[in-house]
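Chain by chain, the residues run as shown.
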Amino acid sequence: MKKGPVGRPRARVAEGLRKALRNEMDGREFYRMAAKNARTDGIRQMFEFLREEEERHYEMILAQMERLAEGKPMRLVRPTSGRRAVRKFSGPLFPPDFVARGMRADGEAAALSVGMTLEKQAILQFTVLRRRAKGDPSAEKLFDGLIAWEREHLEMLSRQYEQLRGMYWEGARFWPF
């Protein structure tokens, strides 16, 4: 690692990446548990996909830490298969009659909410890291890409949460103003 004024921001970025690794491990394990406990196939598949994405993030961050230690520029390498899979989960995953059949989704609703919180934290963390990397175009581009990637996950989870909430409100004949 470089010393002096140039090395300080790199050291702060490296420390931030170490924290991000821990968060990715937590996210991976959370999504593994959420998939195991999901009651619908679509939601189970989405949580499994998110677990795989957390694993990809983990591996990619490790690679960036190695590049940083070697003095190489950082770069985001995102598999195109992940981008295609995001579209698979953009539509409703709960069956339309899920609530009407008396199905309860307390666990799924809680998992969606916790997942949204994890993704928001990741977005914030990568936003802070991007600020720390100001002036390093490759690092800025890397963190912009990671922020966008995490936002896709947040949007995916939010759509499912909103669908589920809407189904419960419809079943209870509740329509907020």
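Refer to the structure printed above.
Residues numbered from 1 in each chain as written. Predicted model: local features only at pLDDT ≥ 70, side-chain atom pairs only at ≥ 80, totals over all residues. Heavy atoms only, no water.

1. Some thoughts on the overall build of the protein chain
Each helix and strand counted, the protein chain has 5 helices and 0 strands in total. For the protein chain, the N- to C-terminal ordering of α and β elements is α-α-α-α-α. A total of 177 residues make up the protein chain; the buried ones form 42% of that total. Considering only contacts in the protein chain between residues 6 or more positions apart, those separated by 24 or more positions represent 78%. In the structure as shown, the protein chain presents an accessible area of about 10,000 Å², 55% of it carried by carbon and sulfur atoms. (Helix = DSSP H or I, 4+ residues; strand = E, 2+ residues; numbered from the N terminus. Buried < 20%, exposed > 50% of the residue type's maximum accessible area, 1.4 Å probe, protein only. Contact = heavy atoms within 4.5 Å. Areas by Shrake-Rupley, 256 points an atom, 1.4 Å probe, with all protein chains shown as cover.)

2. Here's the deal with the pattern of salt bridges
This model, assessed by the stated rule, comprises 11 salt bridges. The closest approach of N and O atoms between Glu29 and Arg28, which form a salt bridge, is 3.3 Å. The class of Glu29 is partly exposed, set by a relative accessible area of 34%. Several salt bridges share partner residues, and in doing so they unite Arg28, Glu29, Arg32 and Glu55 into one network. (Salt bridge = Lys/Arg side-chain N within 4 Å of Asp/Glu carboxyl O.)

3. Some details on helix H4 (residues 106-132)
Taking 1.5 Å per residue as the helical rise, H4 with its 27 residues ought to reach 39 Å, and the 39 Å between its terminal C-alpha atoms agrees with that figure. Taken together, the buried positions of H4 are occupied by Glu108, Ala111, Leu112, Gly115, Met116, Glu119, Ala122, Ile123, Gln125, Phe126 and Leu129. (Expected span 1.5 Å × (residues − 1).)

4. Quick word on the packing of helix H2 (residues 41-69) against helix H5 (residues 137-171)
At their nearest, the axes of H2 and H5 sit 12 Å apart, and the two run at 170° to each other. Classified by the angle their axes make, H2 and H5 are roughly antiparallel. In the crossing of H2 with H5, the sense of the turn from one axis to the other is left-handed. Residues Ile43, Met46, Phe47, Phe49, Leu50, Glu53, Glu54, Arg56, His57, Met60 and Gln64 of H2 touch H5, and the partners they reach there are Leu142, Leu146, Trp149, Glu150, His153, Met156, Leu157 and Gln160. Its residues assigned to classes, the contact of H2 with H5 comprises 11 nonpolar, 4 polar and 4 charged. (Axes fitted to C-alpha atoms, helices over the stretch in contact; angles between N-to-C directions. Parallel < 35°, antiparallel > 145°, perpendicular 65-115°, else oblique. Left-handed = near helix turned anticlockwise from the far one by under 90°. Nonpolar A, V, L, I, M, F, W, Y, C, P; charged D, E, K, R; others polar.)

5. What to know about the packing of aromatic side chains
Summed over all chains, the structure comprises 4 aromatic pairs. Among the aromatic residues, those joined into a cluster by ring pairs are Phe30, Tyr31 and Phe47. The side chain of Arg28 reaches across the aromatic face of Tyr58, ending 5.5 Å from its centre. (Phe/Tyr/Trp six-rings, centres within 6.5 Å; stacked < 30°, edge-to-face > 60°. Lys NZ or Arg CZ within 6 Å of the ring centre and 35° of its normal.)

6. So, the nonpolar core
Ranked by internal contacts, the top residues of the largest apolar core, which has 47 residues, are Leu17, Met46, Phe47, Phe126 and Phe143. Elements supplying a minimum of two residues to this core: helix H1 (4-37), H2, helix H3 (80-88), H4 and H5. Broken down by element, this core gets its largest block of residues, 11 residues, from H5. (Core = buried A, V, L, I, M, F, W, Y, C linked by side-chain atoms within 4.5 Å.)

7. Some thoughts on the side chain of Glu54
Topologically, Glu54 is positioned in helix H2. The buried charged residue Glu54 lacks any salt bridge, with Arg28 as its nearest oppositely charged partner at 8.3 Å. Discounting residues that sit within four places of it in the chain, Glu54 has contacts with Glu24, Gly27, Arg28, Tyr31, Glu119, Glu150 and His153. (Lys, Arg positive; Asp, Glu negative; His and termini not counted.)

8. Quick look at the side chain of Thr40
Looking at the secondary structure, you find Thr40 in the loop between H1 and H2. Aside from chain neighbours lying at most four places away, what touches Thr40 is Leu93, Phe94, Pro95, Phe98 and Glu108.

9. A short note on the packing of H2 against H4
Running from amino to carboxyl end, H2 crosses H4 at an angle of 25°, the nearest separation of the two axes being 12 Å. Between H2 and H4, the angle falls in the class roughly parallel. Note on packing geometry: the crossing formed by H2 with H4 is left-handed. Contact residues: Ile43, Met46, Phe47, Glu54 and Ile61 in H2; Glu108, Ala111, Leu112, Glu119 and Phe126 in H4. Among the residues making up the contact of H2 with H4, the classes are represented as 7 nonpolar, no polar and 3 charged.

Nothing here speaks to function; it is all geometry.
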